[in-house]
Amino acid sequence: MSSQSRRTIRTATVIGAVSLGLIALSACEKPTPRATATVGSTTISTEASCYDDGKTIPQDEVRKCLSKKSEKTISVGTGEKLRIGVEPDMAENGWLVFVNGQPALPDPVKKTYYSFPGEAFFQSQSAQGQPSAPKKTAQISIVEADGSDFKGVWHLKLKNDNG
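In this text the structure is predicted, and so the values were computed from the model without any measurement.

S.K.: How would you summarise the overall build of the protein if you had to cite specific residues and measurements?
M.R.: Counting its regular elements, the protein contains three helices and 10 strands. Shown N-terminal to C-terminal, the secondary structure of the protein runs as helices and strands in the order α-β-β-β-α-β-β-α-β-β-β-β-β. Counted over contacts in the protein with a minimum sequence separation of 6, partners at least 24 positions apart contribute 63%. If you sum the accessible surface of the protein, you get close to 10200 Å²; carbon and sulfur atoms cover 52% of it.

Okay, structure coming up:
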């Protein structure tokens, strides 16, 4: 076999390998931004339940997404702080926190993290407005919002260590 034939075979092999590599890379999805919750020294991190590479998500899809349940759980007790952290791009747009589907803050947060007293998520009231037994769990949804446009939804579940 001549040296030119070997060179041709090597060149074809390299081109084939590069082509396969590019095909494999194009099949990979870019990971979504992550939201993180920390209580004491315990941290959990979650990817978005709904996210379209920073594009606006239609309202009906956001409503469906808000009803999804979290796969990640973190425990929090009385006197402990829950710290929620988001990536800088999310903070730039602003993000909201929902507890069991209800807004927890009046305005979007424009920081990369925010602290909450842990017990605040488990308080409940009876029909007469009196405090009742604390809830055992709470579903937290973090929603990236740029004005009235929703960009993504992340979920975590809180477990009441005292409940």
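S.K.: Residue-level account of the sheet that holds strand 1 (residues 34-39), with values.
M.R.: The strand order 2-1-5-8 describes an open sheet built from four strands, whose pairing is antiparallel. Of all the strands in the sheet, the pair left with one neighbour each is strand 2 (42-47) and strand 8 (113-117). Geometrically, the sheet is characterised by an average inter-axis angle of 20° between neighbouring strands, direction not taken into account.

About the cut-offs
Residues numbered from 1 in each chain as written. Predicted model: local features only at pLDDT ≥ 70, side-chain atom pairs only at ≥ 80, totals over all residues. Heavy atoms only, no water. Helix = DSSP H or I, 4+ residues; strand = E, 2+ residues; numbered from the N terminus. Contact = heavy atoms within 4.5 Å. Areas by Shrake-Rupley, 256 points an atom, 1.4 Å probe, with all protein chains shown as cover. Pairing = 2+ DSSP bridges. Axes fitted to C-alpha atoms, helices over the stretch in contact; angles between N-to-C directions.

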